[in-house]
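Chain by chain, the residues:
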Amino acid sequence: MQISHGDLLDRGPELASIERALDGARQGRGSLVTVESAAGTGKSALLIAAGEMAATRGMRVLAARAGELEQRRSFGVIRQLFGPVLTAASGDARRQLFGGAAAPAARVLGVASYGDASQVAGFAAMQSIYWLSSQLALSQPLVGIVDDAHWADSSSLRTLDFLTRRIADLPLVLLVAFRPEEPEAGTDLLDALRDAADVRLAPAALSRDAVASIVRSRLSEAGNELCDAFLVATAGNPLYVNELLRAVHLNSEPLQPRDVAATPVRSLGDRVLRRIERVDPMAPALARAMAILGDGTRLAAAAALATLSAEQASTIAHHLRRIEVLSSEDPVSFVHPLIKTSIDDAIPEAERQTAHRDAAALLQQAGAPAEDIAAHLGRLIPAGNTEVAEALASAAGSAIDRAAPEEAIAWLQRAREERALHPTPFELLVQLGSAQATLRDPTAADTLEEAYRCAPDVRQRVAVGILLAELLAQAGAWKRARDLTETLGRDVDKRTAAVTELAAVRAAVTLYDPDLIADFDQRREEYERLARGKHWGSYALSALLGASAGLRGQPREALAHAERARADGRLLAQHGGGWASPQLLNGFILSDELDAAARACDEVEAAAGASGSIFGLVTAIIYRGWLDARRGELINAEVALETALAVAQETGMLMILTTAAFLLIDVVLERSLPQIVDIVEQTELPPDFLATTSGAMLLETRGRLRMARNDHNAIADLRAAGEINGPMRFGPPWSLWRSSLALALPRTDRDTAHRLAADELALARSTGLPRSIGIALRTLGVLRDVNEGIDLLHESVLVLEGSPGRLERARSLVELGAALRRANHRRDAREPLAAGLRLAHSCGAQGLAEQADHELRACGGRRPRLVTTGRDALTASELRVAERAGAGATNPEIAQQLYVSVKTIETHLSHAYDKLGLAGPGSRAKLTKALTIEQE
C-alpha cells in the first residue's frame, strides 16, 4: 500500500507513540500497540510508517494483512508474518530457529511435520510461536505488524494475545490494527488484544486544515468553501477525501461545492468502478478476478480466472496501480480493503458463485493448500456436492494438523451444510466432535452422541463410543460413561484391541467414584487378565491397577503393575500416554519407589514433548514436583507448582489445579503461597466431580489449609473428604484425612480423634512404608498423654530415618522436641528441636522452621547456625535455573523449559552467582560443583 497525501496529516501524536514503542523495544522493553478506528481513517498508513521507522532503526520488520478469505485459514496471519523469514533462511538457520520449544512451529507454519499431528496442542503451538519470535527478536530487534486484524483467523488472534503477555522483556513490538465492531470479527479475541495493549491509538477524523491541504494538493485553486464541502461530504475520512478527489479530478468542468455535496460517500464503489472501466474494456474483469482471489495472489492466477493473456493482465495491472486501485501488481495488493470490497460487492451473485468455483479449480490445479481451495468452495451455496464437501473436510484436517480447532470446526460445519453423500454424516460428526473436545466445548459430547447413533456399523459405533466415554469421563459424567461402556461391551468384537480400551475406560471411571468402586472390584480379575495383553489398553489397565494398589496401601502390587505398564514403552508411545500417564506415576510414587518414579517422570515428559501433549507435559511437571515434595525438596517443588499454575491458567486446564494443590499441599503449607490458597478457597467443582476423588482432594486440601489458620470449617471439609475416601479404602500413602481430622477435632472429641489416629496407624503398618507409619505415629504421639506421646514420637523419628521423606522426619523431630518441652524436659528438647530446625531449613520448609525456632527459644536453646549463602540461600527459581545452567543448558533452553523469558533467567543466574560466591569468566562452569558442595 502506498501512503497518499493526507494519510499522515494530523497523525503526529500517533507517530510519536509508535516511535517511543520502537525505541523501547530496542532497549529490551517489548509492547503491544493497537490502532483502532473506522475504515479509511489511515490505520494502514500508520503501520507502513511504523515499518519504515523500524527499518531505519535497524529492526527486523514482519508484516501481515488479513483478508476476508483468511478468516478460516488456520494461523493464516501468523504464516504471513513469518513466511518471508523462513523462506530466506538456510537449512541450518531453520534448524536453529525451530530448536527446543520452537519445534512445533514448523508444523504450524507448514515448514515440516512435528510429532503426532493429532496431538499438537493449541498451547504447544502458541508457545512454539512465542519461542520462534523470541529467537528472532534476540538476534535482531523485531517488529510484527498486523493490519486488518478484524479479518484474522481465530488461531492467529489467539497466538497474538498469547505473545502480548510475554513480550515485556523482549526487544519486540507488535502493532495490530483493526476496525471496531466489524461484523464476523473475533470480538472476544480482539477485546483481549485491546485490553492487553500497552498503547492504544485511535486515529480521529481529519481536521478542517488537513482536509483543505489534501484538496489543494489536487486542486490548487480550491477556496475555503470548496474545501469545506469535501470535509462535510467525507466527514474527514482520508480515504474518502482522496477517492472523492480522484472522481472529481476526472471531470473537466469547473468543480463547485454543490457538485461535491451531491456525491454521497456511499458511492465509493461506483467511483472506483468508473475509474477502472476507463483503463481498458477488460480491466473490470481482471479487477473482479483480483477481488475474488484476494490480496497476495499472483497476477498469473488472476489473469487465468479473468481469461486474459499474461501480457494483457500485466498492462492492465500497471494502469490499475497508476490510478491507485492497486498498490502492488504482482503479487496483487489493493491500496485499501474498501477498494477490494467495493469491487467484490458489485459482482452479481451468480457470477460470484461461478468465479469462486473457477478460482478453487485453478488453485487445485496449481497444488494450492487445502484451506486456500476451501476458502472459495466454502462461499458457494450448499448443493450436495461431494467434491466440495471433501475439500472442506480436507481443509479441516489441515487445520487440526496445525492445532487450529476453531478453524477446523468452521470447515466441518460448512461441510455438513453441503449434505453430500461423502464424507458421510458420521465421519463429519466424529471429526467435529473431536475438534470441539480439544476446545473443551460442552457441545462435543452431544456431537459425538449423534455420531454414535448414526454409526454405520458395530465397529465404528464402538470406536466412536470409546471416544464418547472418555469425553464423558473427563466431564465428570462417570455413571453415563460406565453405562456406555457396558452397552458397548455387548457389541465389541472380543478379538480386537477395542476390548482392552473399553475395559480401561470403564476401569478409569469406576476406580475414583465411591458409588462405582464396587464395579471396579467386581471386574478386577477381568482387568488383571486383559492387562497381560499387548494392546495400549492392556498397558493402561496395568497403570490403573498399579494406581489402585498404591491408593490402597499395597506397594508391592502397585510397583509390579507400574513396571508392567511401563514395559516396552508402548503406553507412552500413544498420545504421550494420555489419561493413563498419571496412573502410571501414581503406582511408583505411592509405593515410595521414588527413583523409579523419577525415571518414569522423565519418560512421560519426553513422550509429551514428542507428541505435543500438553496434558502429558503438565502431568510430568506436577508429579515431578510431588516427588520433590515427598523427598523434602520444597524449593524445587514450588517451582513445579508455579509452572503448573501458569500452564493450567494459559490452557484453561483449571481442573488440574485441584490435583496440583493436593499433591503439593506441603509446599503450600510450608512456603506461604497465598495465590494457591485463594485458588483452593475459590474453586467450586461441578456436582458430578465433587462426589468423587476430585472432590475429596479439594476438600482435604481446603481442610488442611484451614487447619493451619485455625478455621473451624476445616473439620467439615475433612469429614466430607473421609466420606468419599472411606468407601474406596484409599489409605495413608494417598490421603491423610484421618490424621488431619484427628488433629483438627476439639479436645471434647478426643476419643474420636484417638480412634482415627489409631486406624491410620494400623493402615500404615499394613503398608510397610516408613513414611506412612512415621506420619501416623507422629499424629498419635501428639494426641496421647505426655509420656506415651513422647515414646510414640521417638518411634516416629526412628522409623522416618529409613524413609526418603526428610520433611516428615523434620516434623517429627520438632513435635518430639515440643513434647519434651511441655513435659519440662527442656534440656532434652533442645537437640531434636535444633536438628528439626536444621532439617526444615534445608527442606525449604519455612513454616516448620519458624515453629522449631519458636520452640527452641522457649526451652532456652541456641539457634543453630543456618546457611544464609550458598545453595540453601537460593530461591526455588534460582536453584532450578542454576542446576540447569550447570548441566550445560543455555539461557534460551532453560527459559523454554521453565516457561519464562530469557531476561528472567539472566536475573536468576545473576542472583545465584552472588549467593554462591561465583564471579567472572567461568562462573557458569563452576555452578554444578558449587551446588554439590553446598548440598553435601
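Every value quoted in this text rests on a predicted model; they were computed, and no experiment measured them.

1. Some words on the overall build of the protein
Inference 1: Counting secondary structure elements, the protein contains 52 helices and seven strands.
Inference 2: Projected onto its principal axes, the C-alpha positions of the protein cover 115 × 65 × 50 Å.
Inference 3: Looking at the protein as a whole, 57% of its 936 residues qualify as buried.
Inference 4: Pairs at least 24 residues apart make up 69% of the contacts formed inside the protein by residues separated by at least 6 positions.
Inference 5: Approximately 38500 Å² of the protein is accessible, and the part contributed by carbon and sulfur atoms is 50%.
Inference 6: When the 103 basic and 119 acidic side-chain charges of the protein are each reduced to a single mean position, those positions are 4 Å apart.

2. A word on the packing of helix α21 (residues 405-418) against helix α22 (residues 425-438)
Inference 1: For the pair α21 and α22, the least separation of the axes is 9 Å and the interaxial angle reads 155°. One finds that α21 runs roughly antiparallel with respect to α22. Relative to α22, α21 is oriented so that their crossing is left-handed. Listed contacts from α22 to P405, I409, L412, Q413, A415 and R416 of α21 are L428, L429, Q431, L432, A435, Q436 and T438.
Inference 2: Residues belonging to the contact of α21 with α22 are distributed by class as follows: eight nonpolar, four polar and one charged.

3. Observations regarding the sheet that holds strand β4 (residues 172-178)
Inference 1: Spatially, the five strands line up as an open sheet ordered β2-β3-β4-β1-β5, and their pairing is parallel. Of all the strands in the sheet, just β2 (60-65) and β5 (199-201) have a single pairing partner and so form its edges. This sheet shows a mean twist of 15° between the axes of neighbouring strands, independent of strand direction.
Inference 2: The pairing of strand β1 (residues 31-36) with β4 spans six bridges and is parallel. Paired with S31 across the strands is V173, a residue of β4.

4. Examining the nonpolar core
Inference 1: Counting residues in hydrophobic clusters, the biggest one holds 225 residues, and the most contacted among them are F82, L109, L571 and W734.
Inference 2: A317, V332, V335 and I339 belong to the second largest nonpolar core, which has 32 residues in total.

5. Considering the pairing of strand β3 (residues 142-147)
Inference 1: Of all six residues making up β3, six are buried, and the element is well covered by its neighbours.
Inference 2: Of the two faces of β3, both are covered, the one formed by L142, G144 and V146 as well as the one formed by V143, I145 and D147.
Inference 3: In this structure, β3 lies alongside β4, joined through five bridges in parallel fashion. The residue of β4 that forms the bridge with I145 is L175.

6. Observations regarding the pairing of β4
Inference 1: Most of β4 sits out of view: seven of its seven residues are buried.
Inference 2: Between the parallel elements β3 and β4, the chain passes through helix α7 (residues 154-164) in a crossover that is right-handed.

7. What about the environment of T658?
Inference 1: Note that T658 resides in helix α36 (residues 656-663).
Inference 2: When the C-alpha atoms of T658 and Y913 are compared, they prove to be 36 Å apart, with 255 residues separating the residues in sequence.
Inference 3: The residues contacting T658, other than those within four sequence positions of it, are T683, L685, S694, M697 and L698.

8. Notes on the packing of aromatic side chains
Inference 1: Summed over the entire model, instances satisfying the criterion amount to eight aromatic pairs.
Inference 2: Between the aromatic rings of Y130 and W131, the centroid separation amounts to 4.8 Å while the plane-to-plane angle is 70°, which identifies the pairing as edge-to-face.
Inference 3: Here W131 falls in the buried class, since its relative accessible area comes to 1%.
Inference 4: Clustering of aromatic rings is evident, with ring pairs tying together Y623, W626, F662 and W734.

9. So, the side chain of D344
Inference 1: Mapping D344 onto the fold places it in helix α17 (residues 337-345).
Inference 2: Apart from the residues lying within four places of it in its own chain, the contact partners of D344 are A291, I292 and R352.

10. Brief notes about unusual backbone geometry
Inference 1: Residue D330 is joined to P331 through a cis peptide bond whose omega torsion reads 5°.
Inference 2: Examined against the element boundaries, P331 turns out to sit in the loop between β6 (326-328) and β7 (333-334).
Inference 3: A cis amide bond links H422 to the next residue, P423, at an omega of -5°.
Inference 4: Relative to the elements of secondary structure, P423 occurs in the loop between α21 and α22.
Inference 5: One non-glycine residue, E324, lies in the positive phi region at around 60°.
Inference 6: Looking at where E324 falls in the secondary structure, it is placed in the loop between α16 (310-322) and β6.
Inference 7: Even without glycine at this site, D568 takes up a positive phi of about 70°.
Inference 8: You can see D568 is positioned in the loop between α30 (555-566) and α31 (570-573).

11. Digging into helix α8 (residues 187-196)
Inference 1: For α8, the complete set of buried residues consists of L189, L190, L193 and R194. Along the long axis of α8, the arc covered by the buried residues comes to 145°, so they all point the same way. Seen from the buried face of α8, the exposed residues on the opposite side, beyond 90 degrees, are D188 and D195.
Inference 2: Next to the buried residues of α8 lie β1, α7, β4 and β5.

12. What to know about the confidence of the model for the protein
Inference 1: Per-chain confidence: the protein averages 87 in pLDDT, with 94% of residues scoring 70 or above.
Inference 2: Contacts from residues 113-119, a stretch scored under 50 in pLDDT, to residues over four places away or in other chains number 20 contacts.

13. Observations regarding the pattern of salt bridges
Inference 1: Under the defined criterion, the tally for this structure stands at 57 salt bridges.
Inference 2: For the salt bridge of R811 with E670, the shortest nitrogen-to-oxygen distance reads 3.1 Å. On the criterion of sequence distance, the pair formed by R811 in helix α46 (residues 806-822) and E670 in helix α37 (residues 665-671) is long-range, its members being 141 residues apart. Taken as a pair, R811 and E670 share a single burial class, namely buried.
Inference 3: Note that E878 is salt-bridged to K915, the shortest N-O span being 2.9 Å. Taken together, the residues span a long stretch of sequence, with E878 in helix α49 (residues 876-886) and K915 in helix α51 (residues 902-916) at a distance of 37 residues.

14. With respect to helix α29 (residues 536-551)
Inference 1: Relative to the 22 Å expected for 16 residues at 1.5 Å per residue, α29 spans 23 Å between its end C-alpha atoms, a close match to the ideal helical length.
Inference 2: Within α29, 16 of the 16 residues are buried, which leaves it mostly tucked inside the rest of the structure.

15. With respect to the side chain of T510
Inference 1: Of note, T510 is situated in helix α26 (residues 498-511).
Inference 2: For T510, the side chain forms a polar contact with the main-chain oxygen of R506, separated by 2.9 Å.
Inference 3: Not counting residues within four places of it along the chain, the set of residues in contact with T510 comprises R482, L516, I517, D519, F520 and Y527.

16. Things to note about the environment of G100
Inference 1: The residue G100 is located in the loop between α4 (91-97) and α5 (105-108) in this model.
Inference 2: Measuring from C-alpha to C-alpha, the distance between G100 and A716 comes to 47 Å, with 616 residues separating the pair along the chain.

17. Thoughts on the environment of R26
Inference 1: Within the fold, R26 resides in helix α1 (residues 12-26).
Inference 2: Assessed through its relative accessible area of 46%, R26 is described here as partly exposed.
Inference 3: Put simply, R26 and A101 are 75 residues apart on the chain and 25 Å apart in space, counted from C-alpha to C-alpha.
Inference 4: With near-sequence residues (within four places) excluded, R26 lies in contact with R57, M59 and P141.
Inference 5: Only 3.4 Å separates the side chain of R26 from the backbone oxygen of R57, close enough to count as a polar contact.

Cut-offs applied
Residues numbered from 1 in each chain as written. Predicted model: local features only at pLDDT ≥ 70, side-chain atom pairs only at ≥ 80, totals over all residues. Heavy atoms only, no water. Helix = DSSP H or I, 4+ residues; strand = E, 2+ residues; numbered from the N terminus. Buried < 20%, exposed > 50% of the residue type's maximum accessible area, 1.4 Å probe, protein only. Contact = heavy atoms within 4.5 Å. Areas by Shrake-Rupley, 256 points an atom, 1.4 Å probe, with all protein chains shown as cover. Lys, Arg positive; Asp, Glu negative; His and termini not counted. Charge placed at Lys NZ, Arg CZ, Asp CG, Glu CD. Axes fitted to C-alpha atoms, helices over the stretch in contact; angles between N-to-C directions. Parallel < 35°, antiparallel > 145°, perpendicular 65-115°, else oblique. Left-handed = near helix turned anticlockwise from the far one by under 90°. Nonpolar A, V, L, I, M, F, W, Y, C, P; charged D, E, K, R; others polar. Pairing = 2+ DSSP bridges. Core = buried A, V, L, I, M, F, W, Y, C linked by side-chain atoms within 4.5 Å. Right-handed = clockwise from strand over helix to strand, strands pointing away. Phe/Tyr/Trp six-rings, centres within 6.5 Å; stacked < 30°, edge-to-face > 60°. Arc of directions from axis to C-beta. pLDDT = per-residue confidence, 0-100. Salt bridge = Lys/Arg side-chain N within 4 Å of Asp/Glu carboxyl O. Expected span 1.5 Å × (residues − 1). Polar contact = N/O pair within 3.5 Å; in protein donor to acceptor, adjacent residues only side chain to side chain.

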